[in-house]
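Next come the chains, spelled out residue by residue.
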Amino acid sequence: MGVLLAVLPLSEAMSLHAITQITSNGWRGLIWIKNVRIKPAINFLLGSSIAFAAWSFWHYIPSKPIALIALGLAPFIVHFIPDRLKPNPENLLHGICYGASSMTLMLLAGVSGPLIDTFFLGGKLDRREIVATKAVCQVASHAAKLVYFGGLVNQTVMLDPTMISIAIVVTIAGTSLARPILEAMSDTAYRHWAGRIIMVIGFVFLFRGIYLLFV
């Protein structure tokens with residue numbers, strides 16, 4: 001998302017990212033379809049739907065610096081969540097709160113992975129169930145983002161079909177190549193590395209957004 005924001009106008013970046021992520025997560029969901037947990041997915045998507053309905057009336061489009069700052073802050077937001085508020089994916093209220101928050105972050109920054117990760121990591125799902133169920137939720141969330149930026153708030157988004165095709169092919173290849181790595185990892189290693197990689201990337205985009213805000 002950060003790379004796309006650097007080379008494309010915001011609405012185009014959001015729309016192309018949505019297309020690639022729908023493809024990526026859709027493919028991932030098919031690969032792990034037997035591991036999808038229905039109840040946590042429904043809880044999360046209910047909250048996402050409520051937030052999307054509210055944003056549909058607002059029609060807000062963030063500037064690039066704001067989007068980058070939100071993108072950079074996303075991995076750190078979860079560290080300020082008190083322990084008593086740690087989520088249980090099986091809890092309907094938790095799903096609504098995290099789903100609504102994630103959709104809000106999705107439409108501000110283009111991604112909401114850290115919050116979704118926190119939601120599913122808070123329960124007793126194993127790494128395969130986390131990956132599979134998160135993929136289903138991500139397909140729906142990015143589809144909402146595509147509707148929002150690709151037509152609802154901007155009627156002039158134009159994307160190069162060649163660029164879309166290349167992005168889809170690369171996305172499917174990357175998702176497929178990731179499967180043996182995930183299979184080789186333990187649940188502990190998965191949780192350890194996922195959080196640290198995301199935080200490093202977050203620092204880069206946070207400082208980039210702050211820089212653009214003041215130049």
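For the structure, see preceding data.
What comes next concerns the included structure. Keep in mind that this is a model prediction, so the values were computed, not measured. Sequence order as written defines the numbering, with residues in each chain counted from 1. The predicted nature of this model means local features are confined to residues of pLDDT at least 70 and side-chain atom pairs, given and counted, to a pLDDT of 80 or more, with totals for whole chains, interfaces and linings taken over all residues. Here the side-chain values reflect all heavy atoms present in the structure, with hydrogen atoms and water set aside.

What follows deals with the overall build of the protein chain. When its secondary structure is counted, the protein chain shows 9 helices and 0 strands. Going along the chain from the N terminus, every DSSP run of H or I of four or more residues is numbered as a helix, and every run of E of two or more is numbered as a strand. Sequence-ordered secondary structure for the protein chain, helices as α and strands as β, is α-α-α-α-α-α-α-α-α. In this description the radius of gyration comes from C-alpha coordinates, and the expected globular size is given by 2.2 Å times residues to the power 0.38. Its C-alpha atoms give the protein chain a radius of gyration of 17 Å, within 12% of the compact-globule value 17 Å for 215 residues. Across its three principal axes, the protein chain shows a C-alpha extent of roughly 45 × 40 × 30 Å. Partly exposed residues are those whose accessible area sits between 20% and 50% of the maximum for their type, while under 20% is buried and over 50% is exposed, using a 1.4 Å probe and protein chains only. When each of the 215 residues of the protein chain is scored for burial, the buried share is 46%. Contact criterion: two residues are considered in contact whenever any of their non-hydrogen atoms come within 4.5 Å of each other. Long-range pairs, those at least 24 residues apart, make up 85% of the contacts in the protein chain with a sequence separation of at least 6. Only the protein chains shown count as cover for residues, with accessible areas throughout obtained via the Shrake-Rupley method and a probe of 1.4 Å. Carbon and sulfur atoms make up 71% of the accessible area of the protein chain, which totals about 10800 Å². Positive and negative side-chain charges in the protein chain, numbering 16 and 9 respectively, have mean positions lying 3 Å apart. When charges are counted, Lys and Arg contribute as positive and Asp and Glu as negative, whereas His and the chain ends are disregarded. To locate a charge, take NZ of a lysine, CZ of an arginine, CG of an aspartate or CD of a glutamate.

This next bit is on the packing of helix α5 (residues 92-109) against helix α6 (residues 113-121). Structural elements are reduced to axes, namely lines fitted to C-alpha atoms, with helices fitted over the stretch in contact, and the angle between N-to-C directions of any two is expressed from 0 to 180 degrees. Where α5 meets α6, the closest approach of the two axes is 9 Å, and the angle between their N-to-C directions is 165°. Our classification of the angle between α5 and α6 gives roughly antiparallel. Relative to α6, the crossing made by α5 is left-handed. On α6, the residues touching H94, G95, Y98, S101, S102 and L105 of α5 are L115, I116, T118 and F119. The residue makeup of the contact of α5 with α6, split by class, is 5 nonpolar, 5 polar and no charged. In these notes the angle categories are as follows: under 35 degrees is roughly parallel, over 145 is roughly antiparallel, 65 to 115 is roughly perpendicular, and the rest is oblique. Helix crossings fall into two classes, left-handed where the near helix is turned counterclockwise from the far one by less than a right angle and right-handed where it is turned clockwise. Nonpolar residues are Ala, Val, Leu, Ile, Met, Phe, Trp, Tyr, Cys and Pro. Charged residues are Asp, Glu, Lys and Arg, and all others, Gly as well, are polar.

Further remarks concern unusual backbone geometry. Residues other than glycine seldom take positive phi values, yet H59 does so here, at roughly 60°. With respect to the helices and strands, the residue H59 is situated in the loop between α3 (38-58) and α4 (64-77).

Moving on to helix α8 (residues 161-184). An α-helical turn contains 3.6 residues, so any two residues separated by three or four positions project in the same direction. Given a helix with a known number of residues, its expected span is that number minus one, times 1.5 Å. Here α8 spans 36 Å end to end across 24 residues, near enough to the 34 Å set by a 1.5 Å rise per residue. Its axis deflected by about 25° at A178, α8 carries its strongest bend there, up to four residues before the proline P180. For α8, the set of buried residues is I164, A167, T171, T175 and L182. Elements in contact with the buried residues of α8: α2 (10-31), α7 (127-152) and α9 (187-214). Under the rule applied, a polar contact is a pair of N or O atoms within 3.5 Å (in protein, one hydrogen donor and one hydrogen acceptor; residues adjacent in sequence only if both atoms are side-chain atoms). Backbone nitrogen of T162 and a side-chain oxygen of the N-cap are separated by 3.0 Å at the start of α8; the cap is D160. To get the bend at a given residue, fit one axis to the seven residues ending there, fit another to the seven starting there, and take the angle between those axes.

The values reported here are purely geometric and, on their own, carry no functional implication.
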